[in-house]
Amino acid sequence: EQEMKPYISIITATYNSARFLQRCIDSVANQTFKAVEHIVIDGASTDGTLEIIKNNYKYLSYWISEPDTGVYSAWNKAIPHIKGEWVLFLGSDDFLANHLVLETMLPHLEKAYPVNRLVYGKFLAINKKEEVLFVEGLPWEVLKKKHRKAGIAIPPFQSTFLHASLFNENGKFDEKYQICGDYKFVAREIRARDPIFIPVEVTKFALGGLSSGLGKRELQAWYEDLSISRELGIYVPFWLLGGTYIKSILSETLVWFFGERIYSFLVDVYRLLTFRKPFHTKNIKGRRRKINRQILL
């Protein structure tokens, strides 16, 4: 039987990801749309990740396990092996939202290129119990008016499909950045062409990963954003830089002093006081007494 040429390539970087990797692989293997390839690049894991990869080799078009310098190093190793027309980078502790995701996105991807080379949907942020904490993904006409730490807003990378031609034109991810290399890659593209937003839930995204660690590495992310914005000639208002810098310092301080669990509670208390939904804790009222006791201890 002739092998089906992939139309979508999914790339997953792993490092000691044994706890969640099977869930990630299954979410791709169980898609109703089958013209898809799954590439896994492992950073020489020691926790059983490699065994999971080998046990699932028939679902993978390519995999390798060797030391690397981080997620962007791993992604760059995968780029030469891309055979699909569209590419999605799926975290090892994340997974596709349901088995119809790729089939649902397919007609939108087919219509997008060459006018648009980024197509994005929504992602659902989940906790360790797979409870949905919040959904993120705004129409581009709304999102493009917003900012991030020290740069412009970009589509959520966890649910963004990139056309493969981007890697021929823009090369690889800049490995000098440890957290915001994807921001540089995408920001360069959206300054030239608008992305397309499709109101489809694409990915379930586990909070606590590289770019979502609760309050951790906030200053590093801020400085990387600022460096990239300057490199690309992106103007960021001074008042925004000052406000997000202070917020980054405060976040790191609170995490260092209280820990992630209590920090997430404090963030949600603030959100409630400013008439917004809790961001990190699904049942904030039920946890208040327990966390207050932790603070006293």
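Not measured: the values here are computed from a predicted model.

Visitor: Before we move on, could you go through helix 10 (residues 260-273) and cite the residues and values that matter?
Guide: Helix length check: helix 10, at 14 residues, gives a terminal C-alpha distance of 20 Å against a target of 20 Å (1.5 Å per residue), a fit within 8%. Among the residues making up helix 10, those that are buried are Ile262, Tyr263, Ser264, Phe265, Val267, Asp268 and Arg271.

Visitor: For the packing of aromatic side chains, give the residues involved together with the corresponding values.
Guide: On inspection of all chains with the given rule, the structure shows 19 aromatic pairs. Members of the aromatic cluster, each reached through a chain of ring pairs, are Tyr72, Trp75, Phe89, Phe157, Phe167, Phe173 and Phe185. Against the face of tyrosine 183 rests arginine 148, its NZ or CZ located 4.2 Å from the ring centre.

Visitor: With reference to specific residues and values, describe the pairing of strand 7 (residues 132-136).
Guide: Across 4 bridges, strand 6 (residues 118-126) lies against strand 7 in antiparallel orientation. From the neighbouring strand, alanine 125 faces strand 7, where its bridge partner is phenylalanine 134. Taking the residues that link successive antiparallel strands as the turn, the strand 6-strand 7 hairpin has 5 residues, and the phi of glutamate 130 there is positive, at about 65°.

Visitor: Describe the packing of helix 7 (residues 181-190) against helix 8 (residues 218-232), and please don't skip the residues or the numbers.
Guide: Contact geometry for helix 7 and helix 8: axes closest at 10 Å, N-to-C directions at 30°. The angle between the axes of helix 7 and helix 8 places the two elements in the roughly parallel class. Note on packing geometry: the crossing formed by helix 7 with helix 8 is right-handed. Residue-level contacts link Tyr183, Lys184, Ala187 and Arg188 of helix 7 to Asp225, Ile228, Ser229, Glu231 and Leu232 of helix 8. The residue makeup of the contact of helix 7 with helix 8, split by class, is 4 nonpolar, 1 polar and 4 charged.

Visitor: Give a detailed account of the confidence of the model for the chain, specifying residues and quantitative values.
Guide: For the chain, mean pLDDT is 90; residues scoring 70 or higher make up 90% of the total. Here residues 286-297 is modelled with pLDDT under 50, and outside its nearest four sequence neighbours on either side it reaches 12 contacts, counting other chains as well.

Visitor: Report on the packing of helix 9 (residues 238-258) against helix 10, specifying residues and quantitative values.
Guide: Axis separation between helix 9 and helix 10 bottoms out at 7 Å; the angle between their running directions is 130°. Between helix 9 and helix 10, the crossing angle belongs to the class labelled oblique. The element helix 9 and its partner helix 10 pack so that their crossing is right-handed. Together, Ser251, Leu254, Val255 and Phe258 of helix 9 and Glu260, Ile262, Tyr263 and Leu266 of helix 10 make up the contact between the two elements. Residue composition of the contact of helix 9 with helix 10, by class: 6 nonpolar, 1 polar and 1 charged.

The rules we used
Residues numbered from 1 in each chain as written. Predicted model: local features only at pLDDT ≥ 70, side-chain atom pairs only at ≥ 80, totals over all residues. Heavy atoms only, no water. Helix = DSSP H or I, 4+ residues; strand = E, 2+ residues; numbered from the N terminus. Expected span 1.5 Å × (residues − 1). Buried < 20%, exposed > 50% of the residue type's maximum accessible area, 1.4 Å probe, protein only. Phe/Tyr/Trp six-rings, centres within 6.5 Å; stacked < 30°, edge-to-face > 60°. Lys NZ or Arg CZ within 6 Å of the ring centre and 35° of its normal. Pairing = 2+ DSSP bridges. Axes fitted to C-alpha atoms, helices over the stretch in contact; angles between N-to-C directions. Parallel < 35°, antiparallel > 145°, perpendicular 65-115°, else oblique. Left-handed = near helix turned anticlockwise from the far one by under 90°. Contact = heavy atoms within 4.5 Å. Nonpolar A, V, L, I, M, F, W, Y, C, P; charged D, E, K, R; others polar. pLDDT = per-residue confidence, 0-100.

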